[in-house]
Amino acid sequence: MNAAIIFILLFGLMLTGMPISISLGLTVLTFLFTMTDVPIQSVALKLFTGIEKFEIMAIPFFILAGNFLTHGGVARRMINFATSMVGHWHGGLALAGVMACALFAAVSGSSPATVVAIGSIILPAMTRQGFPKKFGAGVITTSGALGILIPPSIVMVMYSVSTNTSVGKLFMAGVVPGLMLAILLGLTTWYLARKHNYPRLPKASWGERAAAFRKSGWGLFLIVIVMGGIYTGVFTPTEAAAMAAVYAFIIAVFVYKDMSLKQVPKVLLDSASMSAMLLYIITNAVLFSFLVTSENIPQAMASMITDSGLGPITFLLVVNVLLLLAGNVMEPSSIVLIMAPILFPVAMKLGIDPVHFGILIVVNMEVGMCHPPVGLNLYVASGITKMGITELTVAVMPWLLTMLVFLALVTYVPQISLWLPNLVFD
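Per an unreviewed UniProt entry, the recorded name for the chain is TRAP transporter large permease protein, and the organism is Herbaspirillum rhizosphaerae. The Function (unreviewed entry) field of the UniProt record for the chain holds the comment "Part of the tripartite ATP-independent periplasmic (TRAP) transport system." Per UniProt, the comment on the chain under Subunit (unreviewed entry) is "The complex comprises the extracytoplasmic solute receptor protein and the two transmembrane proteins."

What follows is the structure, given as structure tokens:
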């Protein structure tokens, strides 16, 4: 009964158009003060202790690193390198877009940042070369979603904070699925380009490829710093995020010189406001998680599912449907912070690996970012292409179907996610 009241209250507030973070906070306060005897001091204490986690510090640092890279010419050099490698294949520039998104994802940790950085440069170039606008928009909108699967990933940090799963293991687990999805999206792009005979670029010589790689090398080296540092144990994922922010600042301002020192305060301010927004959602989600746990909702769900004889296969199917539906109305950070504490205990009771479960949630978030009505990537791509959301939804369909097939693979073949972390950490 209490669970029903909590969720009716939450969705009722969200339907009024209220921001999710405020809806979460109000739901908790209303329920606690009208239906329980919890003292007000404990709520205030929970607000502060909820975000007293070392891992959360990684979020502002990754956002800052991503912003320096987005404004600092790194994306343009990555596109040039990707174009020199795959530009001569069918739909060359589109394939270069997929590859550039995968490379930029490995340094930014954010899907919208990847769509903005790569899309704003490559989409006008594709239109000039004769690609239909819809094709280019479909490629970049979906490939940009790699930003949260290929490590480092802000969504993985949030899952780690919600469930106390190792961030290092999650980052390692994202590598193989991330590369696999990039290849599948590339194959879809190549097939469609070949079918419609879209333009190709002249083949670059090995000398041109080496020069393009050298120019993008400073940006690509960030992947080595973050993943190499975590993998070798030189620093934690949070320290890696801080290193990434400092390194991104140095290469944007002093190495590539695409950003002047005068622009730095604006980037700092933008990063601070985005971090504040995410931390505000996290704080309220922690309160909400405290409420559902104190009302024994996850435990009740776990016993209900195990008593009804629901096995891991059916449970994972239910989780996928639930997360895809949630993706219709919420953005990834909120879904992870609300759903993970509720679903995680059930998954553990059914013997599902916490790292595999985390990757499954992240892939669901990727799909959610590419379909309406709340698909973040759709809105970002709409801003770049000046196309309507309905038109964009039709444009992304072939790649979205590819992502759904990939989701089924990741759900029922755990080794895709677990092979690399088991190899590295065992």
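A. Highlighting the packing of aromatic side chains. Inspection of every chain in the model, using the stated rule, returns twelve aromatic pairs. Their ring planes at 5 degrees and their centres at 5.9 Å tell us that Phe 131 and Phe 135 sit as a pair that is stacked. With respect to class, Phe 131 is no different from Phe 135; both count as buried. An aromatic cluster of at least three residues, connected via ring pairs, comprises Phe 131, Phe 135, Tyr 198 and Trp 399.

B. Quick look at the environment of Lys 349. Residue placement: Lys 349 occurs in helix 16 (residues 332-349). Spatially, the C-alpha atom of Lys 349 lies 7.0 Å from that of Ala 302, the residues being 47 residues apart in sequence. Discounting residues that sit within four places of it in the chain, Lys 349 has contacts with Ala 302, Ser 303 and Thr 306.

C. Focus on the side chain of His 90. Its place among the elements puts His 90 in the loop between helix 5 (74-86) and helix 6 (92-108). Judged by its relative accessible area of 16%, His 90 is buried. At 3.4 Å, the side chain of His 90 forms a polar contact with the side chain of Arg 200. For His 90, the residues in contact, after removing those within four places along its chain, are Leu 95, Trp 190, Ala 193, Arg 194 and Arg 200.

Criteria and thresholds
- Residues numbered from 1 in each chain as written.
- Predicted model: local features only at pLDDT ≥ 70, side-chain atom pairs only at ≥ 80, totals over all residues.
- Heavy atoms only, no water.
- UniProt positions renumbered as here; feature names shortened; annotations may be inferred.
- Phe/Tyr/Trp six-rings, centres within 6.5 Å; stacked < 30°, edge-to-face > 60°.
- Buried < 20%, exposed > 50% of the residue type's maximum accessible area, 1.4 Å probe, protein only.
- Helix = DSSP H or I, 4+ residues; strand = E, 2+ residues; numbered from the N terminus.
- Contact = heavy atoms within 4.5 Å.
- Polar contact = N/O pair within 3.5 Å; in protein donor to acceptor, adjacent residues only side chain to side chain.

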